[in-house]
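The residues making up each chain are set out below.
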Amino acid sequence: MLAGKRILLIIGGGIAAYKSLELIRRLQDQGAEVVPVLTRAGEEFVTPLSVSALAGSAVHRDLFDLTAEAEMGHIQLSRSADLIVVAPATADLMAKMAAGLAGDLASTLLLATDTPVLLAPAMNVRMWQHAATQRNIAMLAADGVRFVGPEEGDMACGEHGPGRLSEVPDIVEAVLRFFRAGPLQGRRILVTSGPTHEPIDPVRYIANRSSGAQGTAIAGALAALGAEVVFVTGPADVPPPSGVEVIAVQTAQQMLEAVEAALPVDAGIFAAAVADWRVASASDRKLKKSRDGMPVLEFAENPDILKTVAGMAQGRPALVVGFAAETDDVVAHATAKRLRKGCDWIVANDVSPETGIMGGTENAVVLISETGADVWPRMGKSEVAARLAERVAQALGAGG
Ligand SMILES: Cc1cc2nc3c(=O)[nH]c(=O)nc-3n(C[C@H](O)[C@H](O)[C@H](O)COP(=O)(O)O)c2cc1C
């Protein structure tokens with residue numbers, strides 16, 4: 001998600017500076033290049049050696065550093081980044097920024113740039129609540145500076161209240177949000193994916209051959225267009241995409257609960273291959289071979305997640321998309337399914353074994369909507385995902 005992005009990370013002199021080490025790693029996990037800057041006070045909390053070893057590059061510390069200035073001047077350093085993150089942003093650093101002071105490297109970089117800035121403040125609750133700090137924050141927000149946190153909680157100083165540095169994943173999410181500047185920015189979209197596992201006993205279950213590849217690609221494509229994606233997935237063969245909120249479930253009933261908890265959303269894409277039935281009374285002990293012969297499994301119908309959401313009287317997503325995996329008469333069956341379920345679109349595909357679609361890398365789909373059937377040529381699942389994401393953006397009136 002952050003491949004090719006350069007982030008200038010300024011580490012201020014606060015007790016939470018140690019969390020910046022983890023932040024460097026997590027930003028790198030997303031593909032970002034992290035260029036670290038450590039303030040003089042920051043050095044009291046984390047060593048330049050740790051920072052530069054983790055970042056894999058020299059840490060910038062001194063405004064009047066001849067070598068650094070010869071290699072990359074401070075003006076160039078501040079402008080070469082796609083985003084400047086300050087974590088922790090101390091009361092002192094924010095006061096300098098608000099006043100336009102430039103007495104050290106960090107504040108000079110912040111003044112000499114038009115690169116967007118994201119601040120993650122961290123300080124004692126009284127410092128945070130002080131009129132001067134609140135005034136500075138209001139000024140910075142009016143200048144277009146972005147914020148993540150602070151959070152409320154117990155502090156290192158023993159007090160409780162607002163002022164804690166946001167958790168590292170939340171800072172990473174704020175960075176991802178900043179870069180998600182596509183047509184779906186500001187839209188929240190739910191995607192279900194993968195198979196469900198319906199237990200027979202603690203070691204056996206009923207499943208299906210869905211790999212989760214198509215749902216995963218769709219979630220990734222929607223996130224790439226800027227959507228906030230809630231990804232509810234059964235036990236899939238492929239890892240979830242980055243930059244989405246992942247909710248892992250096993251059974252159809254758990255999936256329905258996760259879906260209902262994720263609402264409201266602007267659109268729901270129901271790509272999961274949900275088992276139609278579950279074993280009515282799954283055993284909580286492993287079933288044994290016995291002289292009485294084989295066990296008889298009785299089935300109960302699972303909740304119909306697509307129909308439940310599509311039929312909601314209140315809070316129905318503006319766009320509800322179902323999937324149909326068919327083995328014959330694809331268009332006729334899928335057209336009937338769209339009406340039966342009450343959804344807006346059905347993405348239908350032929351999953352006959354000879355197509356190699358289920359578990360494969362390609363898909364051949366027909367998009368069924370109110371206006372008819374749109375047959376797409378066979379293409380990679382990621383291309384299907386990108387095309388569908390564009391359609392979703394158009395349908396939500398979000399450009400694309
Ligand atoms: C142990 C200790 C912890 C501190 N923690 C914080 C803090 O969490 N937030 C903050 O704004 N200042 C904190 N300070 C005060 C800053 O270190 C001080 O204001 C410093 O000048 C900030 O430097 P900077 O602008 O380079 O970040 C702390 C000071 C000490 C001695």
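These numbers were taken from a predicted model, which means no experiment stands behind them.

Definitions and cut-offs
- Residues numbered from 1 in each chain as written.
- Predicted model: local features only at pLDDT ≥ 70, side-chain atom pairs only at ≥ 80, totals over all residues.
- Heavy atoms only, no water.
- Domains from an automatic or database assignment.
- Near = heavy atom within 4 Å.
- Polar contact = N/O pair within 3.5 Å; in protein donor to acceptor, adjacent residues only side chain to side chain.
- Helix = DSSP H or I, 4+ residues; strand = E, 2+ residues; numbered from the N terminus.
- Nonpolar A, V, L, I, M, F, W, Y, C, P; charged D, E, K, R; others polar.
- Axes fitted to C-alpha atoms, helices over the stretch in contact; angles between N-to-C directions.
- Parallel < 35°, antiparallel > 145°, perpendicular 65-115°, else oblique.
- Contact = heavy atoms within 4.5 Å.
- Buried < 20%, exposed > 50% of the residue type's maximum accessible area, 1.4 Å probe, protein only.
- Pairing = 2+ DSSP bridges.
- Right-handed = clockwise from strand over helix to strand, strands pointing away.
- Patch = residues over 30% accessible without salt bridge, like charges linked within 9 Å, V, L, I, M, F, W, Y side chains within 5 Å.
- Areas by Shrake-Rupley, 256 points an atom, 1.4 Å probe, with all protein chains shown as cover.
- Salt bridge = Lys/Arg side-chain N within 4 Å of Asp/Glu carboxyl O.
- Phe/Tyr/Trp six-rings, centres within 6.5 Å; stacked < 30°, edge-to-face > 60°.
- Lys NZ or Arg CZ within 6 Å of the ring centre and 35° of its normal.
- Lys, Arg positive; Asp, Glu negative; His and termini not counted.
- Expected span 1.5 Å × (residues − 1).

Trainee: Run through the domain arrangement of the protein chain, naming residues and quoting values.
Mentor: What the domain assignment lists for the protein chain is domain 1 (6–179) and domain 2 (188–399). Taking only C-alpha atoms, the centre of domain 1 and the centre of domain 2 are 41 Å apart.

Trainee: Describe the site of the ligand, naming the residues involved and giving the relevant values.
Mentor: Around the ligand, 15 residues are found, and the nearest of them are Gly 13, Thr 39, Thr 90, Ala 91 and Asp 92. Contact distances for the ligand include 2.8 Å between a nitrogen atom and a backbone N or O atom of Ala 122. The element that contributes the greatest number of residues to the shell around the ligand is helix α5 (residues 91–99), accounting for four residues. When grouped by side-chain class, the residues that make up the shell around the ligand number eight nonpolar, five polar and two charged.

Trainee: Describe the packing of helix α1 (residues 19–29) against helix α2 (residues 48–55), listing the residues and the values that go with them.
Mentor: For the pair α1 and α2, interaxial distance at closest approach is 9 Å and the crossing angle is 10°. The pairing of α1 with α2 is recorded here as roughly parallel in orientation. Residues Leu 21, Ile 24, Arg 25 and Gln 28 of α1 form the contact with α2, whose own contacting residues are Ser 50, Val 51, Leu 54 and Ala 55. Taken together, the residues of the contact of α1 with α2 break down into five nonpolar, two polar and one charged.

Trainee: I'd like to hear about unusual backbone geometry, residue by residue, with values.
Mentor: In the segment running from Ala 87 into Pro 88, the intervening peptide bond is cis, with an omega of -5°. For Pro 88, the position within the fold is in strand β3 (residues 83–89). Note that the residue after Leu 263, namely Pro 264, is joined by a cis bond; omega there is 5°. Relative to the assigned elements, Pro 264 resides in the loop between α11 (252–262) and β13 (267–270). Phi is positive for Asp 329, close to 45°, though the residue is something other than glycine. Locating Asp 329 in the fold gives a position in the loop between β16 (319–326) and α13 (330–341). Here Asp 329 falls in the exposed class, since its relative accessible area comes to 54%.

Trainee: I'd like to hear about the pairing of strand β17 (residues 345–350), residue by residue, with values.
Mentor: β17 sits mainly inside the fold: five of its six residues count as buried. In terms of strand pairing, β16 meets β17 through six bridges, oriented parallel. Bridge assignment links Ala 324 to a residue of β17, and that residue is Ala 348. Each parallel crossover has a hand, and the one from β16 via α13 to β17 is right-handed. Where β17 meets strand β19 (residues 365–369), four bridges bridge the pair, whose relative direction is antiparallel. By the bridge assignment for β19, Asn 349 is matched with Val 365.

Trainee: Go over a nonpolar patch on the surface, please, and point to the residues and values.
Mentor: On the surface, a cluster of nonpolar side chains totalling about 330 Å² of accessible area is made up of Trp 277, Leu 297 and Phe 299. Mapped onto the elements, Phe 299 comes out in strand β15 (residues 299–301).

Trainee: Got a sec to walk through the packing of aromatic side chains? Specific residues and values, please.
Mentor: Note on aromatic pairs: each is described by the distance of the centres and the angle between the planes. For the coordinates displayed, the defined rule picks out one aromatic pair. Each ring, one from Phe 178 and one from Phe 179, has its centre 4.8 Å from the other, and the planes form 80°; the classification is edge-to-face. When the ring centre of Trp 376 is taken as reference, the NZ or CZ atom of Arg 387 above it lies at 4.7 Å.

Trainee: Requested: an account of the sheet that holds strand β4 (residues 117–121), with residues and values cited.
Mentor: In space, the five strands of this open sheet follow the order β2-β1-β3-β4-β5, with parallel pairing throughout. Edge positions in the sheet fall to β2 (33–38) and β5 (146–147), since each has one partner strand and no second. Note: β3 against β4, four bridges, orientation parallel. The residue of β4 that forms the bridge with Ala 89 is Pro 121. Where α1 meets the sheet, its contacts fall on β1 (6–11), β2 and β3, and the angle it forms with β1 comes to roughly 175°.

Trainee: An account of the side chain of Arg 338 is needed here, citing residue identities and associated values.
Mentor: Mapped onto the secondary structure, Arg 338 falls in helix α13. At 5.6 Å, Glu 370 is the nearest oppositely charged side chain to Arg 338, a buried residue that forms no salt bridge. Here Cys 343 takes part through its backbone oxygen, which lies 3.3 Å from a polar atom of the side chain of Arg 338.

Trainee: Explain helix α14 (residues 381–395) to me, using residue names and the numbers behind them.
Mentor: Side chains that are three or four residues apart share a direction in an α-helix, a result of its 3.6 residues per turn. End to end, α14 covers 21 Å across 15 residues, agreeing with the expected 21 Å (1.5 Å per residue, within 8%). Within α14, the full set of buried residues consists of Lys 381, Val 384, Ala 385, Leu 388, Ala 389, Val 392 and Ala 393. Gly 397, located one to two residues past α14, shows a positive phi value of around 70°.

Trainee: Let's hear about the pairing of β3: which residues, and what values?
Mentor: Within β3, seven of the seven residues are buried, leaving the element largely enclosed by the surrounding structure. Neither face of β3 is exposed, since Leu 83, Val 85, Ala 87 and Ala 89 on one face and Ile 84, Val 86 and Pro 88 on the opposite face are all buried. Here β1 pairs with β3 via four bridges, running parallel. Of the residues in β3, the one forming a bridge with Ile 7 is Leu 83.

Trainee: If you had to explain the sheet that holds β19 to someone new, which residues and values would you point to?
Mentor: Across the sheet, eight strands lie side by side as β12-β11-β8-β13-β16-β17-β19-β20; this open sheet has mixed pairing. Each of the sheet's edge strands pairs with one partner strand only, and the pair in question is β12 (245–248) and β20 (372–375). Mean inter-strand twist for the sheet, computed between neighbouring axes without regard to direction, equals 20°. When strand β11 (residues 228–233) meets β12, the two strands line up parallel, connected through four bridges. Paired with Val 232 across the strands is Ile 247, a residue of β12. Along the sheet face, α11 touches β8 (188–193), β11, β12 and β13 and points at about 175° away from the line of β8. Along the sheet, α13 makes contact with β16, β17, β19 and β20, crossing β17 at roughly 150°.

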